[in-house]
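# Structural characterization, general
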Amino acid sequence: MQQRFFLYSAVLCLFSLGFALVSQHIFGLRPCAWCVFQRLILLGIALISLLGYVAMRYKTVWLAFISRLLIMGLAMGGALSAWYQYTVAAKLFSCDMTFADQVMTKSGLESSIPWLFGIYASCMDAAASLLGIDYAVWALLFFIFIGLLNLIALFFKPVK
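As a further point, take the overall build of the protein. Tallying secondary structure elements over the protein gives 8 helices and 2 strands in all. Mapped in sequence order, the helices and strands of the protein form the string α-α-α-α-α-α-α-β-β-α. Per-residue burial over the protein gives 41% buried out of 160 residues. Within the protein, contacts between residues at least 6 apart in sequence are counted, and of these 83% link residues at least 24 apart. For the protein, the exposed surface amounts to about 8,900 Å²; the carbon and sulfur share of it is 74%.

It is characteristic of soluble globular proteins that their nonpolar side chains tend to be buried jointly. Counting 32 residues, the largest nonpolar core has C13, I45, M104, F143 and I146 as its most contacted members. Put simply, the parts of the chain that give this core at least two residues each are helix 1 (3-25), helix 2 (33-57), helix 3 (61-87), helix 4 (99-106), helix 6 (114-117) and helix 8 (135-153). Looking at this core element by element, the count peaks at 12 residues for helix 2. Excluding anything up to four places from it in sequence, I146 contacts S9, L12, C13, I45, I71 and A75.

Moving on: the packing of aromatic side chains. What the rule picks out here adds up to 4 aromatic pairs. For the pair W34 and F37, a centre-to-centre distance of 5.8 Å together with 85° between the ring planes defines the contact as edge-to-face. A residue pair is termed a helical-turn pair when its members lie 3 or 4 positions apart in one helix, as W34 and F37 do in helix 2 at 3 residues. The class of F37 is buried, set by a relative accessible area of 11%. Here the aromatic rings of F142 and F143 are separated by 6.1 Å at their centres, their planes lie at 70°, and the arrangement is edge-to-face.

This brings us to the side chain of Q38. Relative to the helices and strands, Q38 resides in helix 2. When residues no more than four places from it in sequence are discounted, the contact partners of Q38 are S81, A82, Q85, A139 and F143.

Further remarks concern a nonpolar patch on the surface. Together, I144, L148, L151, I152, F155 and F156 make up a nonpolar patch on the protein surface, roughly 580 Å² of accessible area in all. Here F155 falls in the exposed class, since its relative accessible area comes to 67%.

Attention shifts here to the packing of helix 1 against helix 8. The geometry of helix 1 relative to helix 8 is characterised by a closest axis approach of 10 Å and an angle of 170° between their N-to-C directions. For the element pair helix 1 / helix 8, the angle class is roughly antiparallel. The residues of helix 8 that touch helix 1, namely those facing F5, Y8, S9, L12, C13, S16, F19 and S23, are Y135, F142, F145, I146, L149, N150 and A153. Grouping the constituent residues of the contact of helix 1 with helix 8 by class yields 11 nonpolar, 4 polar and no charged.

Attention now moves to helix 3. In this model helix 3 runs 39 Å from its N-terminal to its C-terminal C-alpha over 27 residues, within 8% of the 39 Å that 1.5 Å per residue would give. For helix 3, the complete set of buried residues consists of A64, S67, R68, I71, M72, A75, G78, A79, S81, A82 and Q85. Those residues of helix 3 that are buried are in contact with helix 1, helix 2 and helix 8.

This part takes up the side chain of N150. Inspection of the secondary structure puts N150 in helix 8. N150 gets classed as buried once you look at its relative accessible area, which sits at 0%. The contact partners of N150, leaving out residues within four places of it in the chain, are S9, R68, I71 and M72.

Our focus in this paragraph is the state of the cysteines. By the definition in use, this model includes 0 disulfides. You can see C35 has no disulfide; the closest cysteine sulfur is in C32, sitting 3.2 Å from it.

Each value, and the rule that gives it
- Residues numbered from 1 in each chain as written.
- Predicted model: local features only at pLDDT ≥ 70, side-chain atom pairs only at ≥ 80, totals over all residues.
- Heavy atoms only, no water.
- Helix = DSSP H or I, 4+ residues; strand = E, 2+ residues; numbered from the N terminus.
- Buried < 20%, exposed > 50% of the residue type's maximum accessible area, 1.4 Å probe, protein only.
- Contact = heavy atoms within 4.5 Å.
- Areas by Shrake-Rupley, 256 points an atom, 1.4 Å probe, with all protein chains shown as cover.
- Core = buried A, V, L, I, M, F, W, Y, C linked by side-chain atoms within 4.5 Å.
- Phe/Tyr/Trp six-rings, centres within 6.5 Å; stacked < 30°, edge-to-face > 60°.
- Patch = residues over 30% accessible without salt bridge, like charges linked within 9 Å, V, L, I, M, F, W, Y side chains within 5 Å.
- Salt bridge = Lys/Arg side-chain N within 4 Å of Asp/Glu carboxyl O.
- Axes fitted to C-alpha atoms, helices over the stretch in contact; angles between N-to-C directions.
- Parallel < 35°, antiparallel > 145°, perpendicular 65-115°, else oblique.
- Nonpolar A, V, L, I, M, F, W, Y, C, P; charged D, E, K, R; others polar.
- Expected span 1.5 Å × (residues − 1).
- Disulfide = S-S within 2.5 Å.

So, in C-alpha cells, the structure goes:
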C-alpha cells in the first residue's frame, strides 16, 4: 500500500469540500440535506486518509489497511447517497425526514456548524449543474473515483 495514495485521497476530498463551500457561499447555491450529508462523508474520508497516512509513516500496516477499507466503505456510501440524491431525492418536494436529514439534524451538526452543514433547500430546489452535468452526478463520479483509487492502492507495494 502506497502512503501517498492516502494523501491524494485527503487532498482530493478537501478540494471537493472547498469547491462545495465556494459554490454555496460565493455563487449562492443552497445545499440540501443530501448535499451536506455528502460533505460529512468527504470529511470522514479526509480524516481517515490522514490517519492512514500517519499509520504508514509509522509502519503500522494493519491500521493503514483498516483505514483503506474504511475509506472504500465511505466512498461507496457517498456514491450511494449521490445516486439516491440524483434519482430519488431530487424529485421529492422535501428531503425532510430522509436518512440524510435525520443524521444531520439529530447529530446537531446542522445547527452547530451551519456554514458547513446547514440545510437551506429541498433536494428539488438544490439541483444545480456544472458543465451540463448535475452536481449529484459529479459527486457520484468523485466517490467512485476515490473508492477505485484506494482499491488500486491496496495492490501497490510500499516504496522503501
